[in-house]
Amino acid sequence: MDDKTILSRISELVDEEHRLRADAQQHESGTDGEARERLRALEESLDQCWDLLRRRRAARQAHGDPDAQGERPVPEVERYLQ
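First things first, this report covers the structure right here in the doc. Just so you know, these numbers come straight off a predicted model, no measurement behind them. (Residues numbered from 1 in each chain as written. Predicted model: local features only at pLDDT ≥ 70, side-chain atom pairs only at ≥ 80, totals over all residues. Heavy atoms only, no water.)

Another aspect to go through is the overall build of the protein chain. When helices and strands are tallied, the protein chain shows three helices and zero strands. Reading the helices (α) and strands (β) of the protein chain from amino to carboxyl end gives α-α-α. Scaling as 2.2 N^0.38, a compact globule of 82 residues should have a C-alpha radius of gyration of about 12 Å, whereas the protein chain reaches 15 Å, well beyond that. Taken over the C-alpha atoms alone, the protein chain extends approximately 50 × 25 × 20 Å along its principal axes. (Helix = DSSP H or I, 4+ residues; strand = E, 2+ residues; numbered from the N terminus. Rg over C-alpha atoms; globule rule 2.2 N^0.38 Å.)

Below you can see the structure in the form of structure tokens.
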């Protein structure tokens, strides 16, 4: 997956997240269980995409191979301190 594809995926995920949050606000009832679960999955996928993009960019700056970078599992990415 190249940087352009990753950025496109990030954009798709963010758009979906915004739609879900807007729907929840419009209905004023908050998010139901299914929507909450989907939001959590979106956040995890976004974290994975951003992590991969950062590592690809770092590899490129270090004259490494960005294509050698792969997506890390959710538990590994979610343990990072921001």
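Following the structure, the description resumes.
What follows deals with the nonpolar core. Residues Ile6, Ile10, Leu13, Leu20, Leu39, Leu42, Leu46, Cys49, Leu52 and Leu53 constitute the largest nonpolar core, which totals 10 residues. For this core, the elements supplying multiple residues, two or more each, are helix H1 (3-27) and helix H2 (33-61). Top element by residues in this core is H2. It accounts for six residues. Dropping the residues within four chain positions of it, leucine 13 is found in contact with Leu42, Ser45, Leu46 and Cys49. (Core = buried A, V, L, I, M, F, W, Y, C linked by side-chain atoms within 4.5 Å. Buried < 20%, exposed > 50% of the residue type's maximum accessible area, 1.4 Å probe, protein only. Contact = heavy atoms within 4.5 Å.)

Among the structural elements, glutamate 44 can be located in helix H2. Overall, the relative accessible area of 19% leaves glutamate 44 in the buried class. Setting aside residues no more than four positions away along its own chain, glutamate 44 makes contact with Val74 and Glu78.

Here we come to the environment of aspartate 67. Mapped onto the fold, aspartate 67 is located in the loop between H2 and helix H3 (74-78). Here aspartate 67 falls in the exposed class, since its relative accessible area comes to 58%. The spacing of aspartate 67 and arginine 79 is 12 residues in sequence and 24 Å in space, taken between C-alpha atoms.

Moving on: H1. Helix length check: H1, at 25 residues, gives a terminal C-alpha distance of 36 Å against a target of 36 Å (1.5 Å per residue), a fit within 8%. Of all the residues in H1, the buried ones are Asp3, Ile6, Ile10, Leu13, Glu17, Leu20 and Ala24. Of the surrounding secondary structure, the elements contacted by the buried residues of H1 are H2. (Expected span 1.5 Å × (residues − 1).)

What follows is about unusual backbone geometry. A positive phi angle, close to 60 degrees, is found at histidine 63, a residue other than glycine. Residue placement: histidine 63 occurs in the loop between H2 and H3. Assessed through its relative accessible area of 76%, histidine 63 is described here as exposed.

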